[in-house]
Amino acid sequence: MRPVELSERVIRALVGRHEELARISEPGPGVTRLFATSEHLQAIELLRDWMQTAGMTTRVDAAGNLVGRWAADPAAGGNAKAILIGSHHDTVRQGGRYDGAMGVLLAIACVEALAAAGRRLDFHVDVVCFSDEEGTRYGTSLIGSRAIAGVLEEAVLDWKDAGGVRMRDAMSRAGFAPERLATCAYRPAETLGYVEAHIEQGPVLEQENLPVGLVTGIAVGSRYRFTVEGVPGHAGTVPMAQRRDALTAAAAMVLACEHVARERAEVVATVGRLEVSPGATNVIPGAVTFTLDLRAPDEPRQSAALEAMVIAVERVARERMVAVRHEAYYRADGCEMDTAMRAALARAIEAEGLPVRELFSGAGHDALALRHIAPVGMLFVRCRDGISHHPDEHAEPADMVTAARVLLRFLADFAPPTRA
Ligand code: GLV
Ligand code: MN
Ligand code: MN
């Protein structure tokens, strides 16, 4: 089919909007935009405006997801189904301006190009801007996309953020409707697929001088909380040999986890938070909690690594005479991308004259939730120096334009895949 062109106007807007959206942030370096905050609501306003100007009808669902619809060609009949395309608007603390945002802005650019060409498709194009993927505020990820997939457990609504605010209260205050979570869900029967473009967040495409890559699957990822209990005491009087310092024990545990991960191919482990109690300069730490983010390509490798880490941590606890326990508080099973969606994206990449470089994603993405209701496919976009979750995250405008062309071809040629 004749490709849909991307005009200079659409390209300029695509690039400039990353800057504009990035200005909606908590103060500080990089971008900090969290679920159900005033920044979230400001982002909705801006994105909604761009969606409506592009000709979409918009709505904000009960979980704070923004959805813009480019309606199907009326000739397709009243029962047209939808293809979902987008990503998330939220960020990690002090994150970059492309992670999530790029997927949403590319989707809007595609609709703008379709609108400029006067093209309606045989299906609705629903541009989704998920309210939370990172899980920064509440520790549980994919809040928005799990709500849209109808797999968000009601129990998480009672989780509290660091300031003690329950998720359901934050949502109500933001004008969302936690009591109507079920209304967010798309029915599988009305959902043809979900496609997302995302910054690679790694160095491979840059090393191979390629603008885009095809995602094959997403790693298994879990989050654990370890609690170490020692004995607090006076920093000036307790002899070193008699201390049961929870923080020095936790430090040894963190290194033990790192050691286990380093010994296993494709396992990655990160301790990103540590809380020390009582947290005073002249008091031996009595208790420490730390988080562990553990990822692997599949479940056997992930659970084997966890088991080895727990054995190593318990050994440290015995040696240092402290107590330790752990609990899992979040888990995302990995997934493979749908075969037909992959093939369709591969055809679109080839049609742009590019080789199809397949990549596995160590990072989590909204597709993990969406695959419960639809075939999923993902495209990666080259990332400068592989830097992500950092203010220096950067994607070149030319690469985003290539990604937009691939997505446009994908949409224009899309034939509903059959689910495996
Ligand atoms: C989200 O970006 C994650 O993989 O943690
Ligand atoms: Mn991220
Ligand atoms: Mn992301």
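Residues numbered from 1 in each chain as written. Chains lettered and ligands numbered in written order. Predicted model: local features only at pLDDT ≥ 70, side-chain atom pairs only at ≥ 80, totals over all residues. Heavy atoms only, no water.

Peer 1: Help me out: how do you make sense of the coordination of the manganese ion (ligand 3) in this one?
Peer 2: Each donor-metal-donor angle in an ideal tetrahedron of four donors is 109.5 degrees, and each such angle in an ideal octahedron of six donors is either 90 or 180 degrees. Bound to the manganese ion (ligand 3) are the protein donor atoms H88 (NE2), D99 (OD) and H198 (NE2), situated 2.0 to 2.2 Å from the metal. Sequence positions of the residues that donate to the manganese ion (ligand 3) give the spacing H-x10-D-x98-H. A separation of 3.5 Å is found between the manganese ion (ligand 3) and the manganese ion (ligand 2), both of which receive a donor from D99. A residue pair is termed long-range when its members are at least 10 positions apart, and D99 in the loop between β3 (82–88) and α3 (101–116) and H198 in strand β5 (residues 191–199) qualify at 99 residues. H198 shares its class with D99; the two are buried. (Donors = N, O, S within 2.8 Å, 3.2 Å for Na, K, Ca; no water. Helix = DSSP H or I, 4+ residues; strand = E, 2+ residues; numbered from the N terminus. Buried < 20%, exposed > 50% of the residue type's maximum accessible area, 1.4 Å probe, protein only.)

Peer 1: Even after reading the chapter, I still don't get the coordination of the manganese ion (ligand 2), so can you show me in this structure?
Peer 2: Here the manganese ion (ligand 2) is held by the protein donor atoms D99 (OD), E134 (OE), E134 (OE) and H389 (NE2), which lie 2.0 to 2.7 Å from it. Here the donor residues of the manganese ion (ligand 2) share one chain and are spaced in sequence as D-x34-E-x254-H. By relative accessible area, D99 is classed as buried at 6%.

Peer 1: Looking at this structure, I do not really get empty space enclosed by the protein. What am I missing?
Peer 2: Rolled over the atoms, a probe sized like a water molecule indicates the empty space that remains. Tallied over the entire structure, the rule returns two cavities of 30 Å³ or more. Here the largest cavity defines a volume of roughly 40 Å³. Looking at the largest cavity, the residues that line it are H18, L21, A22, V31, R33, T91, G96, R97 and A101. If one sorts the elements of the lining of the largest cavity by residue count, helix α1 (residues 8–22) sits on top with three residues. Of the residues that constitute the lining of the largest cavity, the class distribution is four nonpolar, three polar and two charged. Here the second largest cavity is characterised by a volume of approximately 40 Å³. For the second largest cavity, the full set of lining residues is D90, T91, V92, G95, G96, D99, E134, H389 and E393. Class assignment for the residues of the lining of the second largest cavity results in one nonpolar, four polar and four charged. (1 Å grid on protein atoms, 1.4 Å probe; cavity = no way out; pocket = protein on both sides within 12 Å on 5 of 7 lines; lining within 4 Å. Points joined across faces, edges and corners; volume = space filled by probe spheres on them. Nonpolar A, V, L, I, M, F, W, Y, C, P; charged D, E, K, R; others polar.)

Peer 1: Whenever I open this one, the environment of R264 confuses me. Can you help?
Peer 2: Of note, R264 is situated in the loop between α7 (246–262) and β9 (268–270). In this structure R264 comes out as partly exposed when scored by relative accessible area, which is 32%. Taking the C-alpha atoms as reference points, R264 and A305, separated by 41 residues in sequence, lie 7.9 Å from one another. Not counting residues within four places of it along the chain, the set of residues in contact with R264 comprises A304, A305 and A308. (Contact = heavy atoms within 4.5 Å.)

Peer 1: Explanation requested: the packing of α7 against helix α8 (residues 299–320) in the structure shown.
Peer 2: How two helices pack is summed up by the angle between their axes together with the distance between the axes. Remark: α7 packs on α8, axes separated minimally by 9 Å, with the N-to-C direction vectors making an angle of 150 degrees. Judged by the angle between their axes, α7 and α8 are roughly antiparallel. The hand of the α7/α8 crossing is right-handed. Facing α7, whose interface residues are T248, A249, A252, M253, A256, C257, V260 and A261, α8 presents A305, A308, M309, A312, V313, V316, A317 and R320. Within the contact of α7 with α8, the residues separate by chemical class into 14 nonpolar, one polar and one charged. (Axes fitted to C-alpha atoms, helices over the stretch in contact; angles between N-to-C directions. Parallel < 35°, antiparallel > 145°, perpendicular 65-115°, else oblique. Left-handed = near helix turned anticlockwise from the far one by under 90°.)

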